[in-house]
Amino acid sequence: MRKIKRFIALVTVAMFLLSLAAPASAATKEESFGRLNAVGVAYGDASGDPQYDKNFTRAEAAAIMVQLSGMKAAIDAAKGPTKFKDVPASHWATGVINLAVGANIIKGYPDGTYKPDANVTYAEMSAMLVGVLGYTPKLQGTWPANVISKAAQLGLLDGVSATDYNAAAVRSNVFLAADNALDTNPLKETRDGYEEDTKTLMENKLNVTVKKEGTITAVPNTSGVKEKVSIDYTDAAVADGTLDVAANVDANSVLGLKVEAWVKDDKVFFFNVKTNASDIITDKLDAALTDVDGSLTPNANDTIHVDKLDKNYTLDAGVVVFKNYVSAGLTNASIANNDEVKLVLNNGKVKYLIATAFTTAMVEKVNTTDEKLTFEVAGSLELKDKVNTIVKGGKAIALADIKAGNVVDYITTADSRYIVVSDGVVEGKLEAAATDGKKVTLSGKEISTNDAVKISTNNGDTYGATSFDDGSDYSAHFGKNIKAFTNKDGKIAFMIASEGDASSYIPVLVKDIKRTTGGATEATYLYIAKFDGTETYYEINKDTKLNGTKITKANVETADRGATITNGADNVVRGDVVKITLTSDNKIDAIKTFAAADVVNPLGGTADFTANKTADTIVSTTDDVAYKVDANTKLLKVKAYKDDDNATTDTNIAHLGDTVNGTPDGQYIWIDDIDTLTWAAMENLGNVPDGRVAIVKDSGVAKYIVLYTKNTATSSSFKYGMVTNLTANADGTAWTLTVDGASVTKQFDSGDNTIAKKDVIKFKLSASDKITNAAKVTAKSVTVGAGNYSNFKVKSIDKTNKRVEVIAVAGATADADEAGNAFWVDYSDNTKLYDTEDTTKAITVDDLSGDDIIQLYDAFDKDSDDSADGSFDAAELIYDFIERVDK
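Being a predicted model, the structure only gives us computed values, none of them experimental.

Criteria and cut-off values
- Residues numbered from 1 in each chain as written.
- Predicted model: local features only at pLDDT ≥ 70, side-chain atom pairs only at ≥ 80, totals over all residues.
- Heavy atoms only, no water.
- Helix = DSSP H or I, 4+ residues; strand = E, 2+ residues; numbered from the N terminus.
- Contact = heavy atoms within 4.5 Å.
- Core = buried A, V, L, I, M, F, W, Y, C linked by side-chain atoms within 4.5 Å.
- Buried < 20%, exposed > 50% of the residue type's maximum accessible area, 1.4 Å probe, protein only.
- Salt bridge = Lys/Arg side-chain N within 4 Å of Asp/Glu carboxyl O.
- Pairing = 2+ DSSP bridges.
- Axes fitted to C-alpha atoms, helices over the stretch in contact; angles between N-to-C directions.
- Polar contact = N/O pair within 3.5 Å; in protein donor to acceptor, adjacent residues only side chain to side chain.
- pLDDT = per-residue confidence, 0-100.
- Parallel < 35°, antiparallel > 145°, perpendicular 65-115°, else oblique.
- Left-handed = near helix turned anticlockwise from the far one by under 90°.
- Phe/Tyr/Trp six-rings, centres within 6.5 Å; stacked < 30°, edge-to-face > 60°.

**Regarding the overall build of the protein chain**
On a plain count of helices and strands, the protein chain comes out with 10 helices and 58 strands. Within the protein chain, contacts between residues separated by at least 24 positions form 59% of all contacts whose residues are at least 6 apart in sequence.

**Describing the nonpolar core**
Counting residues in hydrophobic clusters, the biggest one holds 63 residues, and the most contacted among them are Val39, Leu68 and Ile97. At the level of secondary structure, the elements contributing two or more residues to this core comprise helix H2 (29–38), helix H3 (58–68), helix H4 (94–102), helix H5 (122–132), helix H6 (145–153), helix H7 (171–182), helix H8 (201–205) and strand E8 (267–273). In this structure, valine 39 is in contact with Leu182, Met202, Leu206, Val208, Trp262 and Phe269, ignoring residues within four places of it in sequence. Leu255, Val344, Ile411 and Tyr418 belong to the second-largest nonpolar core, a separate cluster that totals 28 residues.

**Looking at the pattern of salt bridges**
Evaluated as defined, the whole model comprises 21 salt bridges. For aspartate 179, the salt bridge goes to arginine 35, with nearest N and O atoms at 2.9 Å. Of this pair, aspartate 179 sits in helix H7 while arginine 35 sits in helix H2, placing them 144 residues apart in sequence. In this structure, the salt-bridge partner of lysine 439 is glutamate 446, at a minimum N-O distance of 3.8 Å. Its relative accessible area of 53% is what places glutamate 446 among the exposed residues. Via salt bridges that share partners, Glu340, Lys488 and Asp489 belong to a single interconnected network.

**Considerations on the pairing of strand E28 (residues 535–546)**
Where strand E27 (residues 523–530) lies against E28, six bridges are found, and the strand directions are antiparallel. Of the residues in E28, the one forming a bridge with leucine 526 is tyrosine 538. As consecutive antiparallel partners, E27 and E28 are separated by four residues, and within that stretch glycine 533 has a phi angle of approximately 95°, a positive value. In this structure, E28 lies alongside strand E34 (residues 588–593), joined through three bridges in parallel fashion. By the bridge assignment, lysine 545 is partnered in E34 with alanine 590.

**Focus: the sheet that holds strand E21 (residues 425–433)**
Working definition: the strands of a sheet are paired by backbone hydrogen bonds and lie parallel or antiparallel to each other. Judged by pairing direction, the barrel is mixed, and its five strands sit side by side in the order E21-E22-E23-E25-E24 before closing back on the first. Within this sheet the neighbouring strands show an average axis-to-axis angle of 60°, counted without direction. Bridge count between strand E23 (residues 445–456) and strand E25 (residues 492–498): four bridges; the pairing is parallel. Each bridged residue has a counterpart across the sheet, and for isoleucine 455 the counterpart in E25 is methionine 495.

**Quick word on the side chain of asparagine 332**
Structurally, the position occupied by asparagine 332 is in the loop between strand E11 (311–323) and strand E12 (340–346). Since its relative accessible area comes to 5%, asparagine 332 is described here as buried. At a separation of 3.0 Å, a polar atom in the side chain of asparagine 332 contacts the side chain of aspartate 302. Residues in contact with asparagine 332, not counting those within four places in the same chain, are Ala288, Leu289, Thr290, Asp291, Leu296, Thr297, Pro298 and Asp302.

**Examining the confidence of the model for the protein chain**
Residue-level pLDDT values for the protein chain average 81, and 83% of them are 70 or greater. In this model, residues 20–24 is a region of pLDDT below 50 whose contacts with residues beyond four sequence positions or in other chains number four contacts. Note on residues 861–876: pLDDT under 50 across the span, and 24 contacts to partners over four residues away in sequence or across chains.

**Topic: unusual backbone geometry**
For the bond running from tryptophan 143 to proline 144, omega is 0°, close enough to zero to count as cis. Among the secondary structure elements, proline 144 is positioned in the loop between H5 and H6.

**Some points on the pairing of strand E5 (residues 228–233)**
Side chains Val229, Ile231 and Tyr233 of E5 all project onto a buried face; the interleaved residues Lys228, Ser230 and Asp232 project onto a face where none is buried. As paired strands, strand E4 (residues 214–218) and E5 are joined by four bridges and run antiparallel to one another. When the sheet's bridge partners are listed, glycine 214 is paired in E5 with tyrosine 233. Note that E5 and strand E6 (residues 241–244) share four bridges and pair antiparallel.

**Focus: the packing of H5 against H7**
Relative to each other, H5 and H7 sit at 20°, their axes nearing to 11 Å. What the angle tells us is that H5 and H7 run roughly parallel. In this structure, H5 crosses over H7, and the sense of that crossing is right-handed. When H5 is examined against H7, the residues Tyr122, Met125 and Leu129 are found in contact with a partner set consisting of Asn173, Val174, Ala177, Ala178 and Ala181.

**Some details on the sheet that holds strand E13 (residues 349–356)**
Taking strand neighbours across the sheet as the criterion, the five strands line up as E9-E12-E13-E11-E10 in an open arrangement whose pairing is mixed. Of all the strands in the sheet, just strand E9 (280–284) and strand E10 (303–306) have a single pairing partner and so form its edges. Taking the axes of each pair of neighbouring strands and ignoring which way they run, one obtains an average angle of 45° across the sheet. As judged from the five bridges shared by E11 and E13, these two strands associate in the parallel manner. Residue pairing in the sheet places valine 320 in a bridge with tyrosine 352 of E13.

**Considerations on the packing of aromatic side chains**
Enumeration over the complete set of coordinates arrives at 17 aromatic pairs. Centroid distance phenylalanine 33 to phenylalanine 175: 5.2 Å. Interplanar angle 55°. Geometry classified as tilted. Here phenylalanine 33 is found in helix H2, whereas its partner phenylalanine 175 is found in helix H7, with 142 residues between them in sequence. Under the relative-accessibility criterion, phenylalanine 33 is labelled buried at 10%. On the basis of relative accessibility, which here comes to 0%, the residue phenylalanine 175 falls in the buried class. An angle of 75° between the planes, with centres 5.6 Å apart, marks the rings of tyrosine 525 and tyrosine 537 as edge-to-face. With tyrosine 525 in strand E27 and tyrosine 537 in strand E28, this pair connects stretches of sequence that are 12 residues apart. This pair shows no difference in class: tyrosine 525 is buried, exactly as tyrosine 537 is.

Put into structure tokens, the structure is as follows:
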């Protein structure tokens with residue numbers, strides 16, 4: 001019972017010690033980590049994040065204790081087998097564990113294990129720190145109260161917030177305790193026993209010299225002296241002077257502050273700020289200094305008003321003022337509206353005022369030879385023969401460490417440059433903007449913006465220098481994917497706005513736009529060719545947007561041979577190259593047209609082009625402009641035709657600038673025979689005359705090229721047949737046709753969508769074996785007497801001479817014929833005959849007999865047709881197609 005009571009008492013003491021309130025002077029976790037990081041004891045993850053809220057493993061704790069003991073250089077040499085059965089020689093922590101065992105910092109567990117991956121507890125952390133400071137031999141009492149009591153006595157637990165000694169230690173608390181150890185005097189063994197060292201652990205083990213406290217009165221950018229600062233020591237007995245500063249230290253950040261300078265190898269590597277955080281005000285001005293005494297120069301009782309805090313501060317007697325780190329020749333007006341300021345207070349009044357006016361830019365090029373930065377949009381910055389301070393992430397860096405695409409905020413004076421570098425990137429979809437234009441929402445996250453955000457719409461090649469002072473100014477980019485680059489304050493300074501990544505939109509060539517009407521089947525379809533040569537069609541649904549505006553039925557203008565989509569000034573016709581996005585059910589979600597300025601020689605253009613093999617350019621010979629062709633350029637080769645007024649014959653486009661039915665656009669243009677094209681093949685074409693190239697460019701690079709070729713055999717590429725059935729399925733309409741005597745079913749792709757059963761049609765087959773360019777063929781009519789007839793009764797057949805004698809009749813019966821007006825019509829071995837009386841089937845001339853009613857089709861008009869009145873003559877009596885409609 002006595003042992004149990006004693007254990008409870010020890011635990012109670014431990015819990016009491018751990019739960020002590022942190023003293024007023026306790027460091028913050030950020031300050032502690034900053035000091036430990038400066039002396040090479042603690043580090044963040046790969047991105048520099050300290051991960052304050054995570055736990056420390058026992059292996060990680062051994063590492064920080066060894067580095068705190070000044071044994072970092074020996075870690076690699078100590079790697080290998082350990083005394084612990086659960087720490088094999090291959091474990092990453094063998095070096096630190098072996099060193100910690102040798103220094104009597106750790107012992108492990110009685111069962112011979114160390115448990116390297118288990119979380120270190122507060123009791124174990126306390127024991128390790130007591131061991132680092134050499135107090136283990138002087139411990140009295142029993143575990144764990146003895147180590148916790150000693151740690152508390154030494155001040156190691158100041159600021160540490162915990163109530164359970166056996167709980168896993170959080171990283172922020174480990175940093176606080178280890179930081180407290182830096183300023184603690186370790187115990188050392190002498191001939192007469194143990195005594196406290198006169199130097200702190202940091203001085204003793206890490207070879208750091210701590211200078212006395214003083215105020216930094218000049219830094220490189222104020223004095224014009226590289227890597228030196230001036231310090232005014234608080235202790236009047238210590239003469240003021242200068243200190244050499246290591247190259248990776250941002251001395252500008254401590255101007256006007258009280259600091260302890262930590263020195264190693266005769267250079268300051270860290271400034272330990274002693275000014276109370278509450279006495280350092282960082283804000284932006286919303287007005288110039290208010291002059292009270294009329295002197296026009298900043299001095300006692302003048303006031304300054306800061307923006308975010310919305311508060312006035314009065315200048316102290318003897319105030320020291322800097323503008324862009326220069327203190328000479330300043331007036332009250334020098335400290336201006338929108339300046340960033342750091343105010344260092346003394347009894348509530350401003351003792352130091354550092355005002356800065358940074359310029360924000362994005363780096364395009366870094367020239368380390370000439371020591372020069374070139375910026376996007378405009379401008380450059382010369383650094384040669386100047387006192388330069390370049391800072392990134394709170395540490396000074398070299399010019400070579402700046403990369404293209406970094407955002408820089410910089411200050412220039414006659415003799416110096418101060419550059420703060422940021423590589424912050426935020427990505428998301430632009431959903432909204434504040435009414436004042438100072439914040440935007442990217443994929444649900446609200447982010448502040450710089451005063452003048454610059455936006456690129458061509459993947460960062462160029463940026464528009466636009467100042468957004470109204471949320472509506474962003475409206476043109478709503479819904480776009482944004483890659484945003486932030487400045488030193490985490491505000492967005494530059495944006496790349498795009499329609500989406502490669503997987504979210506598809507560049508296509510518009511083949512046709514078809515709108516079906518009537519009832520539940522009413523729909524609009526976009527027939528397209530992709531730049532990989534495949535062809536398909538997609539439905540345009542009720543939510544589809546064209547350049548951000550929903551497409552309504554009124555936006556789709558129907559015509560005899562197709563349709564156009566028109567939303568205000570935006571329109572889509574055959575032959576256009578556009579971008580589309582698809583919904584999950586494979587319907588078109590959005591259509592985006594390219595800017596008119598980026599489309600060179602669209603369908604209907606008249607420029608001529610030459611392919612340049614040597615320079616990999618396609619050159620407009622009209623205006624002598626060359627467009628670069630690179631590995632990402634996509635090319636298509638197509639054949640283009642224009643319809644005549646009857647839509648029964650096609651002619652080659654002699655020049656894309658020709659009008660068709662008075663329309664210069666793609667309304668009556670047929671596009672067919674889609675195929676991909678390589679640049680090598682394009683080069684071999686050399687000169688490409690008559691404007692038969694359309695280009696979509698991006699900053700001088702040909703992104704998409706469409707080559708329109710002439711067809712040397714227009715008629716031969718057509719087929720003709722009779723429609724015997726039409727079916728609708730999930731993929732659209734399928735037509736069953738009798739072609740060359742055989743029944744085939746093909747998917748309908750483009751053409752006249754009013755075709756019905758028993759219609760004779762001419763059509764083509766696409767590369768994907770779909771019906772394209774479908775057009776109804778009208779039966780031949782003839783004027784006999786006062787009437788115009790298209791039905792004829794067979795009177796006799798002359799197989800020897802391959803001709804049929806016919807008589808015109810009024811209808812599809814043998815009645816009411818035009819007696820006495822018989823004439824002969826010729827057929828050939830290639831003429832196709834079909835019967836459609838009951839079912840559609842192929843027949844031969846042998847199946848014809850007297851009184852059969854037939855219709856005649858001169859589908860391709862292979863022979864001449866010189867008659868103006870439609871009457872028959874000897875030159876055009878060979879028919880391609882004969883249909884028996886009654887017998």
